[in-house]
Each structure stands twice: as C-alpha cells, then as structure tokens.
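Take a look at the letters that make up each chain.
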Amino acid sequence: MRYNEKELQALSRQPAEMAAELVVKRRLVKLVVNFLFYFRTDEAEPVGALLLEHCRITQEEPSGFSISFLEDPERKYHFECCSEEQCQEWMGALRRASYEFMRRSLIFYRNELQKMTGKDPLEQFGISGEARFQLSGLKA
Amino acid sequence: MTQVPRPHRPRRAAMKLNERSLAFYATCDTPADNEGFLYKKGGRHAAYHRRWFVLRGNMLFYFEDAASREPVGVIILEGCTVELVEAAEEFAFAVRFAGARARTYVLAAESQAAMEGWVKALSRASFDYLRLVVRELERQLEAVRSGGAAPPRRPRALPPKENGCAVWSAEPAAATAPAPAGATPGSQPGPEPPPLPPRRRASAPNGPLDSASFAQLHEWYGQEVRALRSQWLKSQAQPEGGGEA
C-alpha cells in the first residue's frame, strides 16, 4: 500500500505524547497522535510505525505489555518496561491513543454537556451537524 | 532544519508500517467520515485517475473502485492544509504538507457540493484538531460538574446577527421570520444577511498552534468565506417565501 512516507517521518519528529526507551530490542518508542514509532536508539529515523486503531493492549508478566490487532490477534508486538509503573502508564496512554477512542470521548462529553446545560457544546465549533459526531456512532 | 547527527549507515529499507491494520481500518464496517469518487492527479505532469476515496479518522484511503477490498494507498492527513486550487480540472482542491520536497495531492470532485464537503471534512480530520475539541469539552464538563462557578471559557463570543438572533447555524435561516421590534433600524423582513463563518480558536485545525502562519489561516478562513458566499448567492437566486405567508 502506498503511503506518504515523508510526512509520516516528519510526524515522528513532532512533539510526543510520550517517549521512552522500552526494551526487548532496546528501542526508543515514541507515541505521536495515533502512531507508535519505534527507533533504534542511535538513529533519527524510525524503523517503523504502528497505527493504533482497533488494537488491544495486554499486560504481559509484571512489567511488560503487548499490542495486538483485531484482524490478527495472534501476532503480538512485545514491549518490556523498566518498572511496573512505567508499564501501567504506557498501557493507559496507548489505550487512549486511537482516533476512535477520541471520537467516542467527544460523543460522550457532548452528550453529558447537553444533558447538563441543555446546549450543544459543538455549536461553538460549527461542527454540530457532522455525522461522525452523532450519538448513533457509539456502539454498544 | 537541523537533523540529529546519525552514524553513517548504508541506505535503509523503507519504514515498516502495519499495513494489514491499516487496510483493516480502511475497510471495517463502521460508517466512513466521508467517501466518494475523486480524481487524483498522478504526479506533476500526470493524468488524473478516478479513485474511490474513504476518509476515516486522520487517514484518507483510496481504492481502485468502491468494491475493492484493499486500498491502493493512503494519505496520512496529520499536519496538512486543504486549499482550493486553480487547475484545468473543475472542482479541484489540494492537500498540502509543509516541509522541503513535501508532496501536494491534487484532487478533484465531481460537483461543487462534493468538493465543499471534502474540503470541510479533510480540514477537520486531524487527530490534533479532534484532541483540541475533546480537551475543551472535558474542561467545560469539569467546570459544569464543579458547580459551574465560572462560566465556560468561550473560544470567542459569537457576534449577533442583525435581527438579534445570536447563533449562526449550518441550516439556512428562515426568510420569513419577522424582525423583532427595536431591531437594527432600517432592517426589513426578507433575505437574511450572509451567515458568518463559524468562530474558531486562533489555532489552525491541522497543526500545532505555533506553526500556523498568517497566510495559512487567511487562506483557510478565506476558503470558508468563499464557500459560504457562493452558497448564499445561490440561495438568493431562489428566494424562499420572500415575505409571503
């Protein structure tokens, strides 16, 4: 599949939500929007990137976790952290990192605010009509 | 732009990407944020190819046709700006990225309405933009939950319309609404003044605050104004009711 690699590389240089050295193969790992970039520790360009949509984050032993994807649950990307605390922090961040999670949050907050204030908070942004933010977008 | 110095290495393979996950995201059965046929220019001097485009999140996928199971490619939209362009092709617009040797994707829709729909959808597609909105709503909810002591901070106050109605909405205003007594002197019931573009924060929707140049913001607002103006002009050509009951 073709993709705009230069822009993805440029994205990997943007401010990270989180960045740390996580082990097995001693990679520098950087979370930017819904991408997890991984670098060799002495290189400026990422070895690769994982799009974090429809993924599952699972704890593995005391201080590690794995990422697997809905379409291929057997294939796991393993990460070893230096502490249980770091592990929990990363697992939380990665679970919140998807666009779909952000979309659901928006719908949730919008609904809550509408119930509490009687007003649609998206009107001020001029996006209240967009289909992608309707309540019906929330699946059970 | 200064690069981090790196040890000399032989030219490395292209960045790995979990393409199966991307393809899955492209074709999963939740409704797309926008989809339709667009013409895509192959390169600077190349022909246009008609492709089926699917916008989902901050990814713009394109397929050979609407029935294809696997995308031909994807444009990752983070950090882009969307603009109208002068092109031989009608209803053309461009998805532009910053940076040296950055690619510009020239696309063309099949109607004015489709073009406007795509420009709107693509310029608000970034993760960054969504995150801004979510954080603002989070903040507002927090303010309301803690007793609403301070009113929520508005990005900017919406200016009132001439007939005293405060809110601009996406729906065309009813032309038959009478002006309330004491409204702007000399105003008459009839066609509404052109709607104002929606107010936004100073930050551009597709990039970090400090990277939006004035030219970008100007162009971005300008395209909104142009689009709204042409909508309004069209509605003037077919008056709705014009004062009749």
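Read on for a plain summary of the structure. Because the structure is a prediction, the values reported are computed rather than measured.

### Points about the overall build of chain B
Turning to step 1, where the next piece is worked out: Helix and strand counts for chain B come out as 4 helices and 8 strands.
Turning to step 2, where the next piece is worked out: Across chain B, helices and strands are ordered from the amino to the carboxyl terminus as β-α-β-β-β-β-β-β-β-α-α-α.
Turning to step 3, where the next piece is worked out: Per-residue burial over chain B gives 36% buried out of 245 residues.
Turning to step 4, where the next piece is worked out: Taking as baseline every contact in chain B between residues at least 6 positions apart, the subset at least 24 positions apart corresponds to 48%.
Turning to step 5, where the next piece is worked out: When the accessible surface of chain B is totalled, it reaches about 14,200 Å², and 56% of it is carbon and sulfur.

### Points about the nonpolar core
Turning to step 1, where the next piece is worked out: Judged by nonpolar contacts, the single largest core of 38 residues is most densely connected at Leu-8, Phe-35 and Phe-37 of chain A together with Met-59 of chain B.
Turning to step 2, where the next piece is worked out: A total of 7 residues in this core trace back to one element, the largest contributor, which is helix α3 (residues 127–145) of chain B.
Turning to step 3, where the next piece is worked out: Residues in contact with Phe-37 of chain A, not counting those within four places in the same chain, are Leu-8, Leu-11, Ser-12, Leu-28, Val-29, Lys-30, Val-32, Pro-46, Gly-48 and Ala-49 of chain A together with Met-15 of chain B.

### Focus on the interface of chain B and chain A
Turning to step 1, where the next piece is worked out: Facing the 63 residues of chain B at the interface are 61 residues of chain A.
Turning to step 2, where the next piece is worked out: Buried area between chain B and chain A, summed over both chains or domains, comes out near 5,800 Å², and the portion from carbon and sulfur atoms is 62%.
Turning to step 3, where the next piece is worked out: For Asp-72 of chain A, the salt bridge is made with Arg-20 of chain B, and the minimal N-O distance between the two is 3.7 Å.
Turning to step 4, where the next piece is worked out: Listing elements by their share of the side of chain B that touches chain A, those giving two or more residues are β1 (16–17), α1 (19–27), β4 (59–63), β5 (73–76) and α3 of chain B.
Turning to step 5, where the next piece is worked out: Broken down by element, the residue count for the side of chain B that touches chain A peaks at 14 residues, all from α3 of chain B.
Turning to step 6, where the next piece is worked out: In the side of chain B that touches chain A, the residues fall into 34 nonpolar, 8 polar and 21 charged.
Turning to step 7, where the next piece is worked out: Relative to β5 of chain B, strand β1 (residues 2–3) of chain A runs parallel, the two sharing 2 bridges. In the strand pairing of β5 of chain B, Arg-2 of chain A is matched with Gly-73 of chain B.

### What about the sheet that holds β5 of chain B?
Turning to step 1, where the next piece is worked out: In space, the 8 strands of this open sheet follow the order β1(A)-β5(B)-β4(B)-β3(B)-β2(B)-β8(B)-β7(B)-β6(B), with mixed pairing throughout. In this open sheet, the two strands that pair with only one neighbour each are β1 of chain A together with β6 (81–84) of chain B.
Turning to step 2, where the next piece is worked out: Of the strand pairs in this sheet, β6 of chain B and strand β7 (residues 92–96) of chain B are connected by 4 bridges, and their pairing is antiparallel. Pairing of Val-82 of chain B across the sheet is with Val-95 of chain B, part of β7 of chain B.
Turning to step 3, where the next piece is worked out: Against the sheet, α1 of chain B contacts β3 (48–56), β4 and β5 of chain B, and its axis sits at roughly 85° relative to β4 of chain B.

The rules behind the values
Residues numbered from 1 in each chain as written. Chains lettered and ligands numbered in written order. Predicted model: local features only at pLDDT ≥ 70, side-chain atom pairs only at ≥ 80, totals over all residues. Heavy atoms only, no water. Helix = DSSP H or I, 4+ residues; strand = E, 2+ residues; numbered from the N terminus. Buried < 20%, exposed > 50% of the residue type's maximum accessible area, 1.4 Å probe, protein only. Contact = heavy atoms within 4.5 Å. Areas by Shrake-Rupley, 256 points an atom, 1.4 Å probe, with all protein chains shown as cover. Core = buried A, V, L, I, M, F, W, Y, C linked by side-chain atoms within 4.5 Å. Buried area = accessible area lost by both parts, 1.4 Å probe. Salt bridge = Lys/Arg side-chain N within 4 Å of Asp/Glu carboxyl O. Nonpolar A, V, L, I, M, F, W, Y, C, P; charged D, E, K, R; others polar. Pairing = 2+ DSSP bridges. Axes fitted to C-alpha atoms, helices over the stretch in contact; angles between N-to-C directions.

Just distances and angles here, no functional claims.
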